[in-house]
Amino acid sequence: MTEYATILTERRERVGIITLNRADRLNALNEQTMRDVVAAAQGLDADEGVGAIILTGAGRAFAAGADITEMAGLDGAEAAARGLFADWDRFAAVRTPTIAAVNGFALGGGCEVAMMCDLIIASEAASFGQPEITLGVIPGIGGTQRLVRAIGKAKAMDLVLTGRRITADEAERWGLVSRVVPAESLMDEALAIAAQIAGRSLPALHDATAAIDAAFEGPLAEGVALERRLFHAGFDRADQTEGMAAFVEKREPRFTHR
Ligand code: CO8
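Note that residues are indexed from 1 along each chain, following the sequence as it is written. This being a predicted model, a pLDDT of at least 70 is required before a residue's local features are given, and a value of 80 or more before pairs of side-chain atoms are given or counted; all residues contribute to the totals for chains, interfaces and linings. With hydrogens and water stripped out, all remaining heavy atoms of the structure feed into the side-chain values.

### Details of the site of the ligand
1) Next: The environment of the ligand is made up of 24 residues, and the closest members are Arg-25, Arg-60, Ala-64, Ala-66 and Gly-109.
2) Next: Polar contacts here mean pairs of N or O atoms no more than 3.5 Å apart (in protein, one a potential hydrogen donor and the other a potential acceptor; neighbouring residues in sequence count only if both atoms are side-chain atoms). Between a nitrogen atom of the ligand and a main-chain N or O atom of Ala-64, the distance comes to 2.8 Å.
3) Next: In this structure, Ile-68 approaches the ligand through a main-chain N or O atom, which is 2.9 Å from a nitrogen atom.
4) Next: Mapped by element, the contributors of at least two residues to the shell around the ligand are α2 (68-71), β6 (105-107) and α5 (109-116). By convention in these notes, a residue is near a molecule or strand provided one of its non-hydrogen atoms lies within 4 Å of it. Only DSSP runs of H or I with at least four residues qualify as helices, and only runs of E with at least two residues qualify as strands; both kinds are numbered from the N terminus onward.

This is the structure in structure tokens:
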């Protein structure tokens, strides 16, 4: 596998794992990390042998935000000209299901990148927040938008205006996180969920995430129409034939991801 400066990558059968690996900086997201994660995720996304991608962090953080030391000296024109952090959109666009396994701090850009994933599994030691306001700025990698969609205006305003941190349990109650698990079993749980997802039909997974994402993008009628188109088109696939035949024959399906 390709070597990267700021991340580790690993394959476990149909699951790809990307680990943010600057533990001494609490995995602060500099531009190199963004490039590395985007390249690794796009590589896994292009590989039909991969059916789910886990993003996690080494040490005691998932990611404690964008790298403040890298940003501190910029002015507005420089940040805009560099399109600072805009390439994270390419990570968000990955079609293979992505799972954030949040082991510790998910703050600022860390929380925003976790929210780009299709689901978030958190260790009970994890914490979430958008502390940008304490630095005199606002979230800049989609936080104001994805947080509102995930937890609603009241809770999003609370987090973004105060900059406070919430626990994994609060995040789960608020609907930001799918499941909270003991710290020591986070990766086992994330791998089990990823393996379960990766065993499903990959084109059906692509359709499912596209349809759910459409719920956040536009009117209900358009989302329902897209879902219907994707649902109908699914009946042209070998995996539909196999999945339904397996049910009728009372056996496990053998998907070919076609
Ligand atoms: N950037 C750079 N370095 C960091 C960051 C960061 N975000 N977070 C932690 N570090 C470094 C610390 O400076 C420290 O380095 P050193 O050992 O050299 O002193 C090391 O990591 C360990 O951190 P701490 O000693 O601070 O660890 P603590 O356990 O005492 O505290 C905290 C942990 C509470 C997480 C604390 O580190 C913290 O508050 N970090 C910053 C959190 C933050 O404000 N994040 C938001 C960053 S801004 C952002 O994400 C905006 C994204 C959008 C930008 C879009 C632009 C267009």
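Past the structure itself, the notes keep going.
### Structural notes on the packing of helix α6 (residues 143-151) against helix α7 (residues 153-162)
1) Next: Orientation is described by lines fitted to C-alpha atoms, with helices fitted over the stretch in contact, and by angles between N-to-C directions that extend from 0 to 180 degrees. Relative orientation of the contacting elements α6 and α7 amounts to 135°, with a least axis distance of 7 Å. Put simply, α6 runs oblique to α7. Judged by the twist between their axes, the crossing of α6 over α7 is right-handed. Counted together, Leu-147, Val-148 and Ile-151 of α6 and Lys-153, Lys-155, Ala-156, Leu-159 and Val-160 of α7 form the full contact between these two elements.
2) Next: Residue polarity follows a fixed list, in which Ala, Val, Leu, Ile, Met, Phe, Trp, Tyr, Cys and Pro are nonpolar, Asp, Glu, Lys and Arg are charged, and the others, Gly among them, are polar. Considering only residue class, the contact of α6 with α7 consists of six nonpolar, no polar and two charged. Working rule for angles: under 35 degrees goes down as roughly parallel, over 145 as roughly antiparallel, 65 to 115 as roughly perpendicular, anything else as oblique. Here a crossing is called left-handed whenever its near helix is offset anticlockwise from the far helix by less than a right angle, and right-handed whenever the offset is clockwise. It only takes one pair of heavy atoms within 4.5 Å for two residues to be counted as in contact.

### Concerning the confidence of the model for the protein chain
1) Next: Overall, the predicted model of the protein chain reaches an average pLDDT of 97, with 100% of residues at or above 70.
2) Next: Scored by ipTM, the complex comes to 0.97, with pTM at 0.97. Per-residue confidence from the predictor is reported as pLDDT, which spans 0 to 100.

### Quick look at the state of the cysteines
1) Next: Here, a disulfide means two cysteine sulfur atoms that sit within 2.5 Å of each other. Summed over the entire model, instances satisfying the criterion amount to zero disulfides.
2) Next: The cysteine Cys-111 is free of any disulfide, with Cys-117 supplying the nearest cysteine sulfur at 11 Å.
3) Next: Relative accessible area serves as the criterion here: at 7%, Cys-117 is assigned to the buried category. Note on exposure labels: buried denotes an accessible area under 20% of the residue type's maximum, exposed denotes more than 50%, and partly exposed covers the range between, all computed with a 1.4 Å probe on protein chains only.

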